[in-house]
2 protein chains.
Amino acid sequence: MLNEMIYLDNSASTRLDERVLDAMKPYFFDTYAVATSEFGYSMGIDAKEGLQEARGIIANSLTATPEEIVFTSGDTESSNMAIKGVCAALKKKKGQHIIVSKIEDFPVLNTAKNLQKQGWDVDFISVDSEGILDLDELKSKIRDDTILVSVQHGNQEIGTLQDIAAIAKICKEKDVLFHTDATHSYMRVPIDVSQIPVDMITMSAHTIHGPRGVGALYVRKGTPLEKWMDGGFQESNRRGGLENIPGAVGFAKAVELVTDKETEFLASMRDYTIKRVFEEIPHVTLNGNKKQRTPQNANITFHYVEGESMTLHLDMRGFAVSTGSACFSRSLEASHVILGIGGDHERAHGSIRFTFGRYNSMNDVDAVVDAIKEIVKQLREISPLYNKEA
Amino acid sequence: MLNEMIYLDNSASTRLDERVLDAMKPYFFDTYAVATSEFGYSMGIDAKEGLQEARGIIANSLTATPEEIVFTSGDTESSNMAIKGVCAALKKKKGQHIIVSKIEDFPVLNTAKNLQKQGWDVDFISVDSEGILDLDELKSKIRDDTILVSVQHGNQEIGTLQDIAAIAKICKEKDVLFHTDATHSYMRVPIDVSQIPVDMITMSAHTIHGPRGVGALYVRKGTPLEKWMDGGFQESNRRGGLENIPGAVGFAKAVELVTDKETEFLASMRDYTIKRVFEEIPHVTLNGNKKQRTPQNANITFHYVEGESMTLHLDMRGFAVSTGSACFSRSLEASHVILGIGGDHERAHGSIRFTFGRYNSMNDVDAVVDAIKEIVKQLREISPLYNKEA
């Protein structure tokens, strides 16, 4: 009952770009002072300028203002901060109802489930067979006491992109706050907050070859949000804790290094993979929408194939494959995403996720597809079910 | 109304040790995979081994077991997790009363104040004129519905060390959980959890030349603690979020690099600073206890001197000085620590914190004391109050 995934980039956490580390180094060894104080010494002021410059770069990538960016320790913290912060701020003022999609990644999904345990009313909106949110269902579920809708931008497993402009419009009309987890789409699929009335956006550095342990939350000016982590007055009093300035600077450098050309190349590797697999391997299903998907993601079910066997065989050939989603670990449950798009356990079981990154080439794509082709053939030859049905 | 501080090590956040960065590098560039999955591919398993090895090193430093260590994004998160986690777990079972000291650093102090706003009953225990906790007051405040005592190990400003063995014993006898914030003492003053019945310990990497954005919480086996940050099952299901493996590995390396000899040298720089200042500059007060203090800290009030002027003059001479505590920023309030030990605004105003680190030498100490001696003399010459009173 496993959802198998292969990372051409060898991990859900991408390799750090050397240029990112170079940008961080001065803040490790020279300008390492605390930047919090406004009455600071020269080094502290330099460090603060580095932090503010990084904040400006992240803000600019969304057409936001620097004051609207809060640095965090990653996307999990950003989503916890967003949802719990708004819930704490509006609980007594408006109500205790929130809405999320059924295929959210664990930071949003499990935060919603935790709130449910605490007495919150939570609706989980369905998606169609390609993972696209049912907008009519969303509209029908919004009530007077609904305080927040949280629907992801790009899916973590099947790459499906939601129409966040349409969702934001619905929320705006109904006067409900809208948060989107953009961990898997940030910098690959543009979001312009001056055009789309989204209130909060979760971002992470690790998906774009930035450092781990660093993320950010975009918070539209005026959004009611209770402080996350008590402590000092850092991040405009929205998140206590000594700033991870090298991390923020590295995140900003990672943002600067992403180019449209590179993103187009990731999409071309994705499309080439899908094309070759569909032309050369029978009994396959593409999970997710063909066009509305993140450029770096392909997710394909190879029917009549055992996931664990595939993992082992690919690993032996030097391809990094993992089971379950990146946030998943101790469970043998089938992926809630594959089940959410109407797949059964058999489909979840034989699915492979390809994640393309900066350090991949078309040669890698050919090599992994060649390997899969051989392995699938071998495994099917010894599969009783395949020989009976196919 | 400022508490002035000088960092001989130039910051409350110490300079990263190059050897720490070298230890982190393989996890940036080679073994960067997600280590969460238990059914993982080879690289993921290698990364997981790196994480577990780091966990073992932190555990060993406290005579704890690896399962008792939770990695976090720093001491602020560790203290929030500890206090809020226990409060959430025991609220309905035992009560809503907690106890902290009056001179805690902001992560503990402001978490306690936040809980107070939410309806919790919080007692703030006094300290004497050297910052030592009143154990009789502590004993008298523990009630049947008290669930937690949180008292720091070493103070962030005046360096005073609390007798955490005695506090832990009191808590153990009264069946109350005990958390200590050891951010400023960890690895400089030993804590052995096999000898001292402390339940939770906050630690941070940035104070021992490790990376920023990384900390840990020791959680004694069996301690009731609600999960912090919903998401994946990382950190034995106690903290969701992709593991910052390079950060954890860097933290562990920083721990390994601390030696008793180095700590003794920091103490000798501290003692030499105090000796020279008291012999050569009149009208000074040592803040904190002379013996029960962290080896790297000296905090001295220079009476009849304006804090802001001192800052400016020292900065011009190349010494990094900050105003307010490290977690403090936008406020001109006097330090709650100096007020807590019975100091007045004038005393808070002219206090300087010295923090000694790996990259300091006795020459640095002489240079900064020489500079302070000159500056204090100049500033007093133009001080009407000094010329009237002294």
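Residues numbered from 1 in each chain as written. Chains lettered and ligands numbered in written order. Predicted model: local features only at pLDDT ≥ 70, side-chain atom pairs only at ≥ 80, totals over all residues. Heavy atoms only, no water.

Undergrad: What am I meant to see in helix H1 (residues 18-29) of chain B here?
TA: Three- or four-residue spacings in an α-helix give side chains the same orientation, since the helix completes a turn every 3.6 residues. Taking 1.5 Å per residue as the helical rise, H1(B) with its twelve residues ought to reach 16 Å, and the 17 Å between its terminal C-alpha atoms agrees with that figure. When we look at burial in H1(B), the residues that qualify are Val20(B), Leu21(B), Ala23(B), Met24(B), Tyr27(B), Phe28(B) and Phe29(B). (Helix = DSSP H or I, 4+ residues; strand = E, 2+ residues; numbered from the N terminus. Expected span 1.5 Å × (residues − 1). Buried < 20%, exposed > 50% of the residue type's maximum accessible area, 1.4 Å probe, protein only.)

Undergrad: Honestly, the packing of helix H9 (residues 260-280) of chain A against helix H13 (residues 362-381) of chain A in this entry has me stumped. Any pointers?
TA: How two helices pack is summed up by the angle between their axes together with the distance between the axes. Residue and element names in this part refer to chain A. Two numbers describe how H9 lies on H13: the axes approach to 10 Å, and their chain directions differ by 25°. Comparing their axes, H13 and H9 come out roughly parallel. With respect to the hand of their crossing, H9 and H13 are arranged in right-handed fashion. Counting all contacts with H9, which are made through Phe265, Ser268, Met269, Tyr272, Thr273, Arg276, Val277 and Glu280, the residues of H13 involved are Met362, Val365, Asp366, Val369, Asp370 and Lys373. Across the contact of H9 with H13, the residue classes tally to seven nonpolar, two polar and five charged. (Axes fitted to C-alpha atoms, helices over the stretch in contact; angles between N-to-C directions. Parallel < 35°, antiparallel > 145°, perpendicular 65-115°, else oblique. Left-handed = near helix turned anticlockwise from the far one by under 90°. Contact = heavy atoms within 4.5 Å. Nonpolar A, V, L, I, M, F, W, Y, C, P; charged D, E, K, R; others polar.)

Undergrad: Help me understand the sheet that holds strand E6 (residues 177-181) of chain A in this model?
TA: Strand pairing in a sheet relies on backbone hydrogen bonds, with the paired strands running either antiparallel or parallel. Residue and element names in this part refer to chain A. With mixed pairing, seven strands are arranged side by side in an open sheet as E2-E8-E7-E6-E5-E3-E4. With partners counted over all chains shown, the strands left at the sheet margins are strand E2 (69-72) and strand E4 (121-125), one partner each. Taking the axes of each pair of neighbouring strands and ignoring which way they run, one obtains an average angle of 20° across the sheet. Pairing between strand E3 (residues 97-101) and strand E5 (residues 146-150): four bridges, direction parallel. (Pairing = 2+ DSSP bridges.)

Undergrad: Whenever I open this one, the environment of Ile201(B) confuses me. Can you help?
TA: Secondary-structure assignment places Ile201(B) in strand E7 (residues 200-204). Filtering out sequence-adjacent residues up to four positions away, Ile201(B) remains in contact with Leu62(B), His179(B), Thr180(B), Ala182(B), Ile191(B), Val193(B), Ala216(B), Leu217(B) and Tyr218(B).

Undergrad: Just checking my understanding: could you explain the confidence of the model for chain A for this structure?
TA: All names here are of chain A. For chain A, the mean per-residue pLDDT works out to 89, and 90% of the residues sit at or above 70. This stretch, residues 35-39, has a pLDDT under 50; its non-local contacts, to residues over four places away or in other chains, come to 24 contacts. Segment residues 323-331: pLDDT under 50, and 40 contacts once partners within four positions in sequence are set aside and those in other chains are kept. (pLDDT = per-residue confidence, 0-100.)

Undergrad: Would you mind going over H13(A) with me for this structure?
TA: Residue and element names in this part refer to chain A. In a regular helix each residue adds 1.5 Å, so 20 residues correspond to 28 Å; H13 covers 29 Å between its end C-alpha atoms and thus fits that length. Taken residue by residue, H13 has Val365, Val368, Val369, Ala371, Ile372, Ile375, Val376, Leu379 and Arg380 as its buried positions. The arc that holds every buried residue of H13, seen down its axis, measures 165°, which confines them to one face. Set apart from the buried face of H13 by more than 90 degrees, the exposed residues are Asn363, Lys377 and Glu381. (Arc of directions from axis to C-beta.)

Undergrad: Can you help me understand the sheet that holds strand E5 (residues 146-150) of chain B in this one?
TA: Residue and element names in this part refer to chain B. Sheet architecture is open: seven strands sit in the order E2-E8-E7-E6-E5-E3-E4, paired in mixed fashion. Bordering the open sheet on either side are strand E2 (69-72) and strand E4 (121-125), each of which pairs with just one other strand. Adjacent strand axes in the sheet meet at a mean angle of 20°, parallel and antiparallel pairs treated alike. Helix-sheet contacts for helix H3 (residues 75-90) involve E2, strand E3 (97-101), E5, strand E6 (177-181), E7 and strand E8 (215-219), and the interaxial angle to E7 is about 160°. Running at roughly 145° to E4, helix H4 (residues 106-117) makes contact with E3, E4, E5 and E6 of the sheet.

Undergrad: Would you mind going over the pattern of salt bridges with me for this structure?
TA: Oppositely charged side chains may form a pair once their charged atoms are brought near each other. All names here are of chain A. Enumeration over the complete set of coordinates arrives at 40 salt bridges over all chains. Salt-bridge contacts for arginine 276 lead to aspartate 366; the nearest nitrogen and oxygen are separated by 2.8 Å. Linking arginine 276 in helix H9 with aspartate 366 in helix H13, this pair joins segments that are 90 residues apart in sequence. What makes arginine 276 buried here is its relative accessible area of 9%. Linked by salt bridges that have partners in common, Asp17, Arg19, Arg188, Glu262 and Arg358 make up one network. (Salt bridge = Lys/Arg side-chain N within 4 Å of Asp/Glu carboxyl O.)

Undergrad: Even after reading the chapter, I still don't get the nonpolar core, so can you show me in this structure?
TA: Core analysis: the biggest nonpolar cluster contains 123 residues, and Phe251(A) and Phe251(B) have the highest contact counts within it. Among residues more than four places away in sequence, those in contact with Phe251(A) are Ile58(A), Phe71(A), Tyr186(A), Met203(A), Ser204(A), Ala205(A), Ile208(A), Pro211(A), Val214(A), Gly215(A) and Ala216(A). Core analysis: the next-biggest nonpolar cluster, separate from the first, contains 46 residues, Met81(A), Cys87(B), Leu115(B) and Val219(B) among them. (Core = buried A, V, L, I, M, F, W, Y, C linked by side-chain atoms within 4.5 Å.)

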